[in-house]
Number of protein chains: 2
Amino acid sequence: METVKSHVVHGGTLRYLKHDSATTGTPMTLSVFVPAGEGPFPVLIWLSGLTCTEDNFTTKAGAYKAAAEHGVIIVAPDTSPRGEGVADDAAYDLGQGAGFYVDATQAPWAPHFRMESYVTGELIELIDAQFPTTKTRSIFGHSMGGHGALTLALRHPELFKSVSAFAPISSPTRCPWGEKAFTAYLGEDRTQWAKHDAALLIEGGAAQDADGNRVFDDILVDQGDADTFLTDQLKPDLLTAAAQKAGQGLTLRMQPGYDHSYFFMASFVDDHVAFHAKRLKA
Amino acid sequence: METVKSHVVHGGTLRYLKHDSATTGTPMTLSVFVPAGEGPFPVLIWLSGLTCTEDNFTTKAGAYKAAAEHGVIIVAPDTSPRGEGVADDAAYDLGQGAGFYVDATQAPWAPHFRMESYVTGELIELIDAQFPTTKTRSIFGHSMGGHGALTLALRHPELFKSVSAFAPISSPTRCPWGEKAFTAYLGEDRTQWAKHDAALLIEGGAAQDADGNRVFDDILVDQGDADTFLTDQLKPDLLTAAAQKAGQGLTLRMQPGYDHSYFFMASFVDDHVAFHAKRLKA
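The numbering scheme is per chain: residues are counted from 1 as the chain's sequence reads. To read the labels, note that chains go from A and ligands from 1, taken in the order they are written. Residue-level local features of this predicted model are given only where pLDDT is at least 70; pairs of side-chain atoms are given and counted only at 80 or more, and the full residue set underlies all totals for whole chains, interfaces and linings. Hydrogens are left out, water is left out, and the side-chain values use all remaining heavy atoms of the structure.

Let us look at the packing of aromatic side chains. Between 30 and 60 degrees the pair is tilted, below 30 it is stacked and above 60 it is edge-to-face, where a pair is any two Phe, Tyr or Trp rings, Trp via its six-membered ring, whose centres lie within 6.5 Å. On inspection of all chains with the given rule, the structure shows 32 aromatic pairs over all chains. Plain terms: the ring middles of Phe57(B) and Tyr64(B) are 6.2 Å apart, the flat faces sit at 90° to each other, and that makes the pair edge-to-face. One exposure class covers both Phe57(B) and Tyr64(B), and it is buried. Considering the side-chain rings of Phe57(B) and Phe140(B), the 6.1 Å spacing of their centres and the 80° angle between planes classify their relative orientation as edge-to-face. Of the two residues, Phe57(B) sits in helix 1 (residues 54-60) while Phe140(B) sits in strand 6 (residues 133-142), which places them 83 residues apart along the sequence. Each member of the pair, Phe57(B) as well as Phe140(B), carries the same accessibility label: buried. Site record: aromatic cluster; members linked through ring pairs are Phe33(A), Trp46(A), Phe57(A), Tyr64(A), Phe140(A), Phe166(A), Tyr258(A), Phe264(A) and Phe268(A). Whether a charge sits over a ring depends on NZ of Lys or CZ of Arg being within 6 Å of the ring centre and within 35 degrees of the ring normal. Across from the ring centre of Phe275(A), 3.8 Å away, lies the NZ or CZ of Arg279(A), which sits over that ring. Here the term buried applies to any residue with accessible area under 20% of the maximum for its type, exposed to any over 50%, and partly exposed to those in between, with areas from a 1.4 Å probe on protein chains only. Secondary structure elements follow DSSP: runs of H or I of four or more residues count as helices, runs of E of two or more count as strands, with numbering from the N terminus.

What follows is the structure in structure tokens.
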């Protein structure tokens, strides 16, 4: 991995990195914060929302003070492959900047849009190989990245100690953003979609082990009640209903007055880092 | 003032505002964070550096958690007048985005570039008129804005309870950024420049009242030792020497490894807010 730039922040080191990804077949960018000291440190992966690169979270979330205090590495990848040879769409909610954390099966997206494999495979391996990690990790994200965090944790529970989200797309099979992206990336067959829908995964028992026990004791979700995407796109009530049905622990906090911006995330990111640090160190 | 947008953050309200300034003869933009509750609250004014608008500090500094905790309003104005009828320069360090917190006396800058009068007059009056303030305030800033905070506090000590800075231009009469800007805005007469040079103002006793007592018990300055502008432009040693000569309290903290970015400011902004809150509430 090539270090594009590096900053000291809250006593630790923040690097913007770039590497050629074998998974996406493109260069991929990310940021990695490593606390001061020798470690090893557990890893917390952040997945961003539509239109974002790794930079939005890195500059705006204010997460590194808590990460330094708890001794946690934070990794924030870009939201999709990018570049001239990569398929794209003029809309903000499809193509570059809108990878939706799935492996696309449809043309023209399939060759490069493989964000599920990238995050759960190559990214984790690279981080564990190049930084002083405990080889344990958790995952969180915002909006499209909240969907990504929830679905990747539910589909790969062996990889993650805990999962949380800010304003996640709770059920992409039942909202315009998800319907559009899944049609493009996964095709018309809705049985394929259901495998990447957090509410449906929870309802189907994905958060339970072979003995029927919870894999994740609790899932923390913060949602602003002044979020303009709340009722049409995010629908956290579908997540609550699924969790109740499946007996999954879910702490959904409706935050009065908060919107969909990074000001909302900055207000509660300390709680999320603490939530994960507790479980990463248990 | 027109509210351009508004966000809830850390329980308070952050507004991006726009108003037609009688001082600059242009629209001016700013952000204002008001903590939850009725107030009244003391005010902390932030002045940004070269190329910045009000948005850099607002989104990147992470100051509002501390402001909410201490019950302090934070006001961040733009760094210059802007717009089509306003003089500009192709360089990043002159013209729009580079107002240097002086009232320009030279063509073509004099009609609009009146940032000293704007900040110390119209801005303060507007904030006190439109928000629940205690009508007391302090000031801090970064780089060009650190110069602005120091010089405006030293030139108008009756307006401010305290002053601090991150990586300030300590002596603009003795660095390329300052020499260029002061030549353009104030002309060739260096006696005019000296009135806007923090180190020279301190040396000349500007921080003392008529009885020779300190107006500001202490001035807090943080400076990263990996800041690429440290030796050529910022020169905090000139500030230290002036403070020693004049018997001015100055706490200059050289922060190892830190650079000139907002990651540096985010790492220490809580200390600055606490420094001012203590003095605003004394």
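Residue contacts follow a heavy-atom distance rule, with two residues in contact if any of their heavy atoms lie within 4.5 Å. Listed as interface residues are 21 residues of chain A and, on the opposing side, 22 residues of chain B. Summed over both partners, the accessible area lost on bringing two parts together, with a 1.4 Å probe, is the buried area. Interface area, chain A with chain B, both sides summed: about 1600 Å², of which 56% is carbon and sulfur. Just to be clear on terms, a salt bridge is a Lys or Arg side-chain nitrogen sitting within 4 Å of an Asp or Glu carboxyl oxygen. Remark: the boundary between chain A and chain B carries two salt bridges. Among the salt bridges present, the one from Lys65(A) reaches Asp270(B), with a minimum N-O distance of 2.4 Å. When residues of the side of chain A that touches chain B are traced back to their parent elements, those giving at least two are strand 1 (2-9), strand 2 (12-20), helix 1 (54-60) and helix 10 (262-280) of chain A. With five residues, helix 10 of chain A is the largest single contributor of residues to the side of chain A that touches chain B. Each residue gets one label: Ala, Val, Leu, Ile, Met, Phe, Trp, Tyr, Cys and Pro are nonpolar, Asp, Glu, Lys and Arg are charged, and the others, such as Gly, are polar. Here the side of chain A that touches chain B is built from residues that sort into eight nonpolar, nine polar and four charged.

With that out of the way, let us pick up the relation of the copies chain A and chain B. Each copy of the sequence occupies a distinct position, and chain A is placed on chain B by a rotation of 180° and an axial shift of 0.0 Å, giving an RMSD of 0.0 Å. In short, the pair behaves as if placed about a two-fold rotation axis. Minimal C-alpha separation from the rotation axis in chain A is found for Lys60(A), amounting to 2.6 Å. Taken together, the interface assignments show that 100% of the residues at the interface of chain A recur at the interface of chain B, consistent with an identical surface on both copies. Copies overlap after least-squares fitting; the atoms used are the C-alpha atoms of residues with pLDDT of at least 70 in both.

All right, on to the pairing of strand 5 (residues 73-77) of chain B then. Residues and elements named next belong to chain B. Burial within strand 5 is extensive, with five of its five residues counted as buried. The alternating pattern of strand 5 places Ile73, Val75 and Pro77 and Ile74 and Ala76 on opposite faces, both of which are buried. Where strand 3 (residues 27-34) lies against strand 5, four bridges are found, and the strand directions are antiparallel. Looking across to strand 5, one finds that phenylalanine 33 is bridged to isoleucine 74. Looking at chain direction, strand 4 (residues 41-47) and strand 5 are connected through three bridges and run parallel. From the neighbouring strand, isoleucine 45 faces strand 5, where its bridge partner is valine 75. Any two strands between which DSSP finds at least two bridges are classified as paired.

Below, the discussion takes up the UniProt feature "active site" (unreviewed entry) in chain A. Residue and element names in this part refer to chain A. UniProt positions are given in the numbering used here, feature names are shortened, and annotations may be inferred rather than shown by experiment. Mapped onto the present numbering, the UniProt feature "active site" (unreviewed entry) falls on Ser143, Asp227 and His260. A compact arrangement is adopted by the annotated residues: their sequence extent is 118 residues, whereas the largest C-alpha distance between any two is 10.8 Å. With respect to the helices, strands and loops of the structure, aspartate 227 is situated in the loop between strand 8 (220-224) and helix 8 (230-234). Setting aside its immediate chain neighbours within four residues, aspartate 227 contacts Ala167, Leu234, Tyr258, Asp259 and His260. In terms of polar contacts, aspartate 227 uses its side chain to reach the side chain of glutamine 223, at 3.2 Å. Relative to the assigned elements, histidine 260 resides in the loop between strand 9 (251-255) and helix 10. Among residues more than four places away in sequence, those in contact with histidine 260 are His142, Ser143, Ala167, Asp227, Phe229, Leu234 and Met265. Whenever a nitrogen or oxygen atom comes within 3.5 Å of another N or O atom, the pair is scored as a polar contact, on the condition that within protein one atom can donate a hydrogen and the other can accept it, and that pairs from neighbouring residues in sequence are kept only if both atoms are in side chains.

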